[in-house]
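# Tertiary structure, described
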Amino acid sequence: MKRFLVILGCVFFALLSVLPAFAEVKNPDTYIYLSIGEPDTLDPHYAYDTASGEVISFVYENLIAYKGESVTEFVPRLATEVPTVENGLIRDEGKTYVFPIRKGVKFHNGNELTPEDVEYSFERGILFDPYAGPMWMLIEALFGYETLEDFVADKVGVPWSEMVDEEGNLKSEEYRQKLIDFYNTYIDPVIEVEGDNVVFHLSRPFAPFLSILAQNSSWSAILDKETCISLGLWDGQADGWWKYHNWKKEKSPLYEKAIGTGPFKLLEWDRTQQKVVLVRNDEYWGEQPKLAKVIIWGVDEWSTRRSMLEAGDADQIYTPLQYLDQVKGIPGVVVREGSRLTIMALHFNWTVAKDSKYLGSGKLDGEGIPPDFFSDVHVRKAFSYAFDYDTFIAQVLKGYGYRVPSVIPRGLLGFNESLPMYPFDLEKAKEEFQKAWNGELWEKGFKLTLLYNTGNEARQTACEMLKENIESLNPKFRIEVQGVQWPTYLDAYRQGQLPAFIIGWLADYPDPHNFIFTYYHSNGVYGTSQGEAFRKFAEENLNALIEKAIEETDPTRRQAMYEEIQKIAYENALGMPLYQPEEVYVMRSWVKGWMFNPMRPGEANYDGIWKEE
C-alpha cells in the first residue's frame, strides 16, 4: 500500500526563495524526506500501509532482516541466528523454527529485551487480529486459518459473533471457559520460550514463514511486554483475552506511541502538520546510524516539494512520474530507480455499506447507484473496457510501468504475460453498459463517487480518465471524483463505504499467494472490502483453488493453478489491474549509502545513509 497527503506549514514558504545548488551540505545530520502522507497508525499489529511501515521499520525491530537488496537471503536482527535446516534451527520437516534471542538489547525506555517479550508480541498480535489488518499472515502460517474468528469458531463450535459483542464483552458467561481453553490449547503452545530461545510450532510447513518475520514487516515487530501491559494492551492472561480483540484504530495505546529497540526513537508525530520526527537511538545495540535526526513530512503540493529540493531544504521528495522531467537536470539532484514487487489496481465493491455517502440516492434512478451496483458483471466489464491503460502508462507514468493480466507482478511464479487482458474499447464498454441491469442502467443512468487519496496525482488522473470515458458514452452517466486524506481513504474502503477503490499492494513476502489471497480470497485484505456478494462468489469459486495452490510444492502445478485463478478473475472482471510500476527516487546528490530493497515500505534506508558532498 502507498501513502498520501499533508497541509504545509507557512514556515516552509520562507525557504523557497533560497537559491539552488549548494556546494555545502545543508543540515548534515538531519535527513528530510517530503512525502504526501502520514502514518495510518503506529501500532505494528494494525498498521498495513507503507506510510506507517516506514516509521515502524526504524523504531521497532524484527527477529531477522533481509540481507541488503536481496528478498531471499536473511541476516539476524533480534535473533542471533537465522534458522536453517543446516544449523538445526528448522526442524520437524519445516514445522518447527527456533530463534536464539539476542542478549543485552534495550528498548527505548531502558527495559531489557527478553524471550518473553518475543512470545508476548506474537501472541498479542494474533489475539488482536484487527479487521482487514496484517495478522492473517501469521495466523495462516501457524494455524492454517485466515482469521482468528474463523479459528475460534471452528475449534469452539460457536460463531464469534454469538459469543462476544463488538465491545469485547461476553454475551454469556457460558463461553468464558471455552475461550480460556481455546487460548490454552491452541495459542499458547504454538509459541514457546525455551531458555534463551523462542520456538514456533507451525501446523504444517509454510515456505514463506521467514519472509513474514523479516524486518519491514511491522506485524512481526517485537514489543516490550511490560510497557504494553502498563499502557492497557493485552495483559498476557488467558482469562479475558477476547476483550483485546479487533480494537478500533484509535483505541490502541500504540496508535501514536512507539517504543521499540530500533536504531531510531520516535520524538514526535505532529498530526496538525502531519510530520514525523525520529532521532537516533544512542543506546542502540547494533551499528549506530550516521544521521542524528530523520524528518518524514507530508507536503501535498508538488511545486513546494520541488522548490525545497532545489533549495537543498529537502534531501529527498516523492515525485509523481508526470513531473519527473521537472527535476531532471536540477544541479545537485539525482534520480535513482527501483522495481518493487507492487501492483496498482482498481477493485469493485459488490455490496457497498448502505450508509455510504458515495452512493448518491442509493437507487438506480439516475441520481445514484444501489449498494449492489457492481454485483452485475456487465457493469464491471464496462468499466474494465473504459480505461485507456496504454495511454495512462505512456503519458501519466512516462513509461515507468507495465500492463499486467492480473494482480501477480512480473518476477513471481504465476505471472504469464499471454493471459487475457481487457483492451481499451469504448464500443465494447457501451455494449456492456447496455446489457447491465437488464437494460435499466442505460435507460436511467447512474451517479457515483470515486475517491483518491489527495496528493496522489496518478490515482486522481486514473479516476478522471474513467470519468471522462464513461460519461462520453451516455449523458445520463455521471461520476464525481473526490480527493480525501490517506487515513480517511483507508478507513472508507475498510468500512465498505467505497463503490470502487484504487489501491496498491507491496508484497509482504515474495510469493504469488500474497497477491492472489489478498485480492481474490473472501478473507483477503482487499477481498473483505469488496462486499458480501463478492465474498460469497469467492467462497464458491476461488477460495478452494487459492488454498490448494499455497499447499502445492511443485512449481509447474502451482503455475497452472495460479493461471486458472487469473482466468476466472478475467472472465468475471474481478477488478482492473492498472499497472505494475517502475519507481523513481529523487534526492540530492549528497545522499550517500542509499540502498534499494524491493520489500522496503519506505523511501530510504535511514539507518544506513549519510550526507556528504
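Coordinates for the structure precede this section.
Residues numbered from 1 in each chain as written. Predicted model: local features only at pLDDT ≥ 70, side-chain atom pairs only at ≥ 80, totals over all residues. Heavy atoms only, no water.

## Points about the overall build of the chain
When helices and strands are tallied, the chain shows 20 helices and 21 strands. Relative to a compact globule of 613 residues, whose C-alpha radius of gyration would be 25 Å, the chain shows 24 Å and is just as compact. Its C-alpha atoms give the chain principal-axis dimensions of roughly 70 × 70 × 45 Å. By the burial criterion, 62% of the 613 residues in the chain qualify as buried. In the chain, once contacts between residues fewer than 6 apart in sequence are set aside, the share between residues at least 24 apart is 72%. When the accessible area of the chain is evaluated, it comes to approximately 22600 Å², of which 46% is carbon and sulfur surface. (Helix = DSSP H or I, 4+ residues; strand = E, 2+ residues; numbered from the N terminus. Rg over C-alpha atoms; globule rule 2.2 N^0.38 Å. Buried < 20%, exposed > 50% of the residue type's maximum accessible area, 1.4 Å probe, protein only. Contact = heavy atoms within 4.5 Å. Areas by Shrake-Rupley, 256 points an atom, 1.4 Å probe, with all protein chains shown as cover.)

## With respect to the side chain of Asp43
By secondary structure assignment, the location of Asp43 is in the loop between strand 1 (30–35) and helix 1 (50–59). The class of Asp43 is buried, set by a relative accessible area of 0%. If we ignore the near neighbours within four places in the chain, the residues touching Asp43 are Ile56, Arg124, Phe128, Ser252, Leu254 and Tyr255.

## Thoughts on the nonpolar core
If you look at the biggest cluster of nonpolar residues, it comprises 209 residues, and the most contacted ones within it are Leu63, Phe200, Trp241, Phe383 and Phe446. Per-element accounting of this core gives the leading share, seven residues, to helix 3 (residues 136–143). In contact with Leu63, other than residues within four places in its own chain, are Pro76, Arg77, Leu78, Ala79, Phe99, Ile101, Val118, Phe122, Phe200, Leu213 and Ile222. (Core = buried A, V, L, I, M, F, W, Y, C linked by side-chain atoms within 4.5 Å.)

## Looking at the packing of helix 3 against helix 17 (residues 513–520)
With their axes 12 Å apart at the nearest point, helix 3 and helix 17 run at an angle of 115° to one another. In terms of axis orientation, helix 3 runs roughly perpendicular to helix 17. Helix 17 is crossed by helix 3, and the crossing has right-handed handedness. Contacts between helix 3 and helix 17 involve Trp136, Met137 and Glu140 from the first element and His513, Asn514, Phe517 and Thr518 from the second. Of the residues contributing to the contact of helix 3 with helix 17, the split by class is three nonpolar, three polar and one charged. (Axes fitted to C-alpha atoms, helices over the stretch in contact; angles between N-to-C directions. Parallel < 35°, antiparallel > 145°, perpendicular 65-115°, else oblique. Left-handed = near helix turned anticlockwise from the far one by under 90°. Nonpolar A, V, L, I, M, F, W, Y, C, P; charged D, E, K, R; others polar.)

## Quick notes on the packing of aromatic side chains
Applying the stated criterion across every chain, the model contains 51 aromatic pairs. Relative to Phe477, the ring of Phe446 lies with its centre 4.7 Å away and its plane at 40°, an arrangement referred to as tilted. Of the two residues, Phe446 sits in strand 15 (residues 446–453) while Phe477 sits in strand 16 (residues 477–484), which places them 31 residues apart along the sequence. In this pair, the class of Phe446 matches that of Phe477, namely buried. One aromatic cluster is present, built from ring pairs that chain together Phe143, Tyr145, Phe151, Trp160, Phe182, Tyr186, Trp241 and Trp242. (Phe/Tyr/Trp six-rings, centres within 6.5 Å; stacked < 30°, edge-to-face > 60°.)

## Overview of the sheet that holds strand 8 (residues 264–270)
With respect to topology, seven strands assemble into an open sheet ordered 8-9-10-1-11-19-12, the strand pairing being mixed. Edge positions in the sheet fall to strand 8 and strand 12 (333–338), since each has one partner strand and no second. Sheet contacts for helix 1: strand 1, strand 8, strand 9 (275–280) and strand 10 (293–298); angle to strand 9, the most-contacted strand, approximately 15°. (Pairing = 2+ DSSP bridges.)

## So, the packing of helix 17 against helix 20 (residues 555–571)
Closest axis-to-axis distance for the helix 17/helix 20 pair is 12 Å, and the angle between their directions is 30°. Viewed along their axes, helix 17 and helix 20 adopt a mutual orientation that is roughly parallel. Considering how the two elements wind past one another, helix 17 and helix 20 form a crossing that is left-handed. Residues His513, Ile516 and Tyr520 of helix 17 form the contact with helix 20, whose participating residues are Arg558, Tyr562, Ile565, Gln566 and Ala569. Along the lines of polarity and charge, the residues of the contact of helix 17 with helix 20 split into five nonpolar, two polar and one charged.

## A short note on empty space enclosed by the protein
Inspection of every chain in the model, using the stated rule, returns six cavities of 30 Å³ or more. Taken as a whole, the second largest cavity encloses approximately 210 Å³ of empty space. Residue lining of the second largest cavity: 19 residues in total, with Asn216, Trp219, Leu506, Asp508 and Pro601 positioned closest to the centre. Secondary-structure elements contributing two or more residues to the lining of the second largest cavity are helix 1 and strand 17 (500–506). Broken down by element, the lining of the second largest cavity gets its largest block of residues, three residues, from helix 1. Residue composition of the lining of the second largest cavity, by class: ten nonpolar, seven polar and two charged. (1 Å grid on protein atoms, 1.4 Å probe; cavity = no way out; pocket = protein on both sides within 12 Å on 5 of 7 lines; lining within 4 Å. Points joined across faces, edges and corners; volume = space filled by probe spheres on them.)

## Quick word on the environment of Lys447
Assignment of secondary structure puts Lys447 in strand 15. Residues Lys447 and Gly360, spaced 87 residues apart in sequence, show a C-alpha to C-alpha distance of 6.5 Å. In contact with Lys447, not counting residues within four places along its chain, are Leu359, Gly366, Glu367, Gly368, Ile369, Arg478 and Glu480. A distance of 3.4 Å separates a polar atom in the side chain of Lys447 from a polar atom in the side chain of Glu480. (Polar contact = N/O pair within 3.5 Å; in protein donor to acceptor, adjacent residues only side chain to side chain.)

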